Amino acid sequence: SAASTFSLGHTNVLIDTYSDGVYEKYIGASNKQNLTNFVYLVCNSKNKIFEDTNIKKAISLALDREKIAEFSFISYAKPTYTPFHPNYYKVKDYDTSQINYNPDLANKVLDSIGYSDINPQYNFRHNDGKILEFDLIVNKDNAFKLSAAQLIKEQLAEVSIYINIKLLSQDD
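Quick notes on the rules
Residues numbered from 1 in each chain as written. Predicted model: local features only at pLDDT ≥ 70, side-chain atom pairs only at ≥ 80, totals over all residues. Heavy atoms only, no water. Salt bridge = Lys/Arg side-chain N within 4 Å of Asp/Glu carboxyl O. Buried < 20%, exposed > 50% of the residue type's maximum accessible area, 1.4 Å probe, protein only. Helix = DSSP H or I, 4+ residues; strand = E, 2+ residues; numbered from the N terminus. Pairing = 2+ DSSP bridges. Right-handed = clockwise from strand over helix to strand, strands pointing away.

## Regarding the pattern of salt bridges
So, point 1. Under the counting rule described, the total for this entry stands at two salt bridges.
So, point 2. Put simply, Lys48 and Glu51 hold a salt bridge, and the shortest N to O gap is 3.6 Å.
So, point 3. Using a relative accessible area of 61% as the deciding quantity, one classes Lys48 as exposed.
So, point 4. Residue Arg125 pairs with Asp111 through a salt bridge whose shortest N-O separation is 2.8 Å. In this pair, Arg125 is assigned in strand β4 (residues 125–127) and Asp111 in helix α3 (residues 103–112), connecting sequence segments 14 residues apart.
So, point 5. With a relative accessible area of 2%, Arg125 lands in the buried category.

## Let's talk about unusual backbone geometry
So, point 1. In this structure, Asn123 takes a positive phi of about 60° despite not being glycine.
So, point 2. Mapping Asn123 onto the fold places it in the loop between β3 (117–118) and β4.
So, point 3. Asn123 gets classed as partly exposed once you look at its relative accessible area, which sits at 40%.
So, point 4. Although it is not a glycine, Ser160 adopts a positive phi angle of roughly 65°.
So, point 5. Relative to the elements of secondary structure, Ser160 occurs in the loop between α4 (143–157) and β7 (162–168).

## Observations concerning the pairing of strand β6 (residues 133–139)
So, point 1. Pairing of β6 with β7 involves seven bridges; the strand directions are parallel. For Asp135, the partnering residue across the bridge sits in β7 and is Asn164.
So, point 2. Taken together, β6, α4 and β7 form a β-α-β motif whose crossover is right-handed.

Below, the structure is given as structure tokens:
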């Protein structure tokens, strides 16, 4: 387990980063502390599909980070739109209105760049026969990340983007 226990005099401290994908419930007094661990989605810049920044913008608009944090990480995560913790003073007043969850705008962005054709049988977008799909690699040993990957797949399917979830261990 990623949980590490320490005995400090008469005080017992438990630190759990949830990095192993396991949630353990302990009974006793608790105090939540903000950690700076990140779970993030990175687009492979070598994949031609991501050459158009509007694809990445549409993906960002189609993801409901609040729901992912609440359901996949049992409310122990804070959604963010930057590579910084949302409580970091430099980004506290950062305007995220252009990138907040907005599947309608995601659809408009995809339509505007030519991915307006949707296969009625499979519900995925294509442009001149090129299917809008990609692989999402996730650590198969982490239940939190597996849950997040499934939610991401479902949310992107709402805007007709198809993803394949590829399960790998941390050692792969």
